[in-house]
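One-letter residues, chain by chain:
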Amino acid sequence: MADLSVKIGSLELKNPVMTASGTFGYGKEFEDFVNLEEIGGIIVKGTTLNHREGNAYPRMVETPSGMLNCVGLQNKGVDYFCEHIYPEIKDINTNMIVNVSGSTVEDYVATAERINELEKIPAIELNISCPNVKSGGMAFGVTCEGASEVVRAVRKAYNKTLIVKLSPNVTDIASIAKAVEAEGADSVSLINTLMGMVIDIEKRTPMLSINTGGMSGPAVRPVAVRMVWQVAKAVGIPVIGLGGIMNAHDAIEFFMAGASAIEIGTANFIDPAVTVKVKNGINEWLDAHGCKSLSEIVGALKDY
Amino acid sequence: MKKYILDLTVVENTTPHPRYVLLKLTQEAPLPEMAPGQFAEIRIDGSKNTFLRRPISINYVDYAKNQIWFLVAKVGEGTQALAKVQPGETVNVVLPLGNGFTMPASPAQKILLVGGGVGTAPLLYFGKCIKEMGGEPTFLLGARSAGDLLELDMFRELGPVYTTTEDGSMGEKGFVTQHSILKEVRFDRISTCGPKPMMVSVARYAKTEGIACEVSLENKMACGVGACLCCVEGTAEGHKCVCKDGPVFDINDLLWQI
């Protein structure tokens, strides 16, 4: 049994497997399928200051080896989360992490302040990369200035572990990562979804209600691995990798590219028990390769 | 109701209609408890362009034979791949999902089950459950033509079956909402599943007559458990997940123009 523990800021993960926001609900939705306590961290649905209805249906279209979604951050707002959802999830014995999003810097700060008060939430993941909302979201994540501004403000208001989720829809993701590191982020997670589009050629209409959506699933994985590799070389803070991880093999690619931990997203829809299988698979691989701890393979990529 | 991921074995794969297959599946352990109107998310293996599971309603559960049936309409690559599974092969399912139909408050309640096309599938198991509690469901099934009405012998074992066909080849000619039984019998509740225009018509009839009515929706979905929020339907209380809050909704909760 290899040592799978990971430290991200002051966040201690018993293993490197987390769930990606928006793919695992609040955890409870999956408790019939997996022992939630075996998962290193559960990143719950994106939470905003105010209630959001999200975008109109249709919000999802399947693609070869993936899917697009344009949910648009549907959630009941941070007050509802604190009063009704937090009491239900706070005693799950793993790291319950809240993904925080907003339309303005003030929204991000106010939401982060509320979450900061919750004893059993050890970290937030700041979503500056949602491609499916009109204002805010990805707008902050596509320039160094925007990313710096929101992270600087949230850092002042939030004193636990701050993870910043980055958008792949940029020219140079490493420069954005460096910008948020400079503002005090404890970690970066990447990638959020890639903007995409699918067209119904008979109706001559887009397949999604807002025309475009965020692409996820194994089709995006090579892009994600490449970006994790670039970012891990550029920053000193731990990198969390995600994008199309379906099994332990995929996860190990991310570790070798430089990720200290990983998130599993779309794969939860295909196999609701995938998280624990990936965790066990990582352990088996490390044992089979004589590795005593996960850290031995993080960034262990050799030159070709 | 507890949800499971199961590898079920194919017992039978028959083709009752060129566009449908009927899959009968089993496993060694007893099948879990399932409510009528619930569905399964079925993993599709061996189809290169199919990534997500396919939500398929539970057609019938035969606990004596430990079998679950799925009536699958071959609409796209995914369901066409699923239709090819052979006896002895396994099919990975996540079930039971969703809320299910409203069971009658008492066996004496007169329940009308209205189905169209492949939407008749979940009504068979629903009818069985009503019969098992001592009630007698009435079925009103519609299709384009006589050959499109499936599992009629099974339905007839459970209660009276009325049919409409668009070409008049079986039952009354026209749509389900034109059937004479609706003028002859006053039902206490209508549960319906089928094409949306049909369900809208049924809902309009029920609303006009003041009869309680619920519809089963089939919005495109990904996770099946209320996590991804892709399959939402607008309701009086905002967007709700068809997979978790539905697929069955009271017509008064929906924002349909009826």
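Anything mentioned here points back to the structure above.
Residues numbered from 1 in each chain as written. Chains lettered and ligands numbered in written order. Predicted model: local features only at pLDDT ≥ 70, side-chain atom pairs only at ≥ 80, totals over all residues. Heavy atoms only, no water.

S.K.: I keep staring at the packing of aromatic side chains and nothing clicks. Help me out?
M.R.: Throughout the structure, instances matching the rule amount to 7 aromatic pairs over all chains. With a centroid separation of 4.7 Å and 15° between ring planes, the pair formed by phenylalanine 101 of chain B and phenylalanine 126 of chain B is classed as stacked. Of the two residues, phenylalanine 101 of chain B sits in the loop between strand 7 (90-97) and strand 8 (111-116) while phenylalanine 126 of chain B sits in helix 2 (residues 121-132), which places them 25 residues apart along the sequence. Taken individually, phenylalanine 101 of chain B and phenylalanine 126 of chain B each receive the classification buried, so the pair is uniform in this respect. For the pair phenylalanine 139 of chain B and phenylalanine 155 of chain B, a centre-to-centre distance of 4.8 Å together with 65° between the ring planes defines the contact as edge-to-face. Of this pair, phenylalanine 139 of chain B sits in strand 9 (residues 138-143) while phenylalanine 155 of chain B is found in helix 3 (residues 152-158), placing the two residues 16 residues apart along the sequence. Assessed through its relative accessible area of 0%, phenylalanine 139 of chain B is described here as buried. Put simply, the rings of Phe24, Phe30 and Phe33 of chain A touch in pairs and so form one group of aromatic residues. The ring centre of tryptophan 229 of chain A lies 3.6 Å from the NZ or CZ of lysine 233 of chain A, which sits over that ring. Directly above the aromatic system of tyrosine 60 of chain B lies the positively charged group of lysine 128 of chain B, at a separation of 5.3 Å from the ring centroid. (Phe/Tyr/Trp six-rings, centres within 6.5 Å; stacked < 30°, edge-to-face > 60°. Helix = DSSP H or I, 4+ residues; strand = E, 2+ residues; numbered from the N terminus. Buried < 20%, exposed > 50% of the residue type's maximum accessible area, 1.4 Å probe, protein only. Lys NZ or Arg CZ within 6 Å of the ring centre and 35° of its normal.)

S.K.: Sorry if this is basic, but what is going on with helix 6 (residues 221-234) of chain A here?
M.R.: Residue and element names in this part refer to chain A. With 14 residues, helix 6 should reach 20 Å at 1.5 Å per residue; the first-to-last C-alpha distance of 20 Å fits that figure. Listing the buried residues of helix 6 in full gives Arg221, Ala224, Val225, Met227, Val228 and Val231. Projected onto a plane normal to the axis of helix 6, the buried residues spread over an arc of 165° and lie on a single side. The exposed set on the far side of helix 6, more than 90 degrees from its buried face, consists of Pro222 and Lys233. Buried positions along helix 6 lie against helix 5 (173-182), strand 10 (187-190), strand 15 (239-242), helix 7 (248-257) and strand 16 (259-264). (Expected span 1.5 Å × (residues − 1). Arc of directions from axis to C-beta. Contact = heavy atoms within 4.5 Å.)

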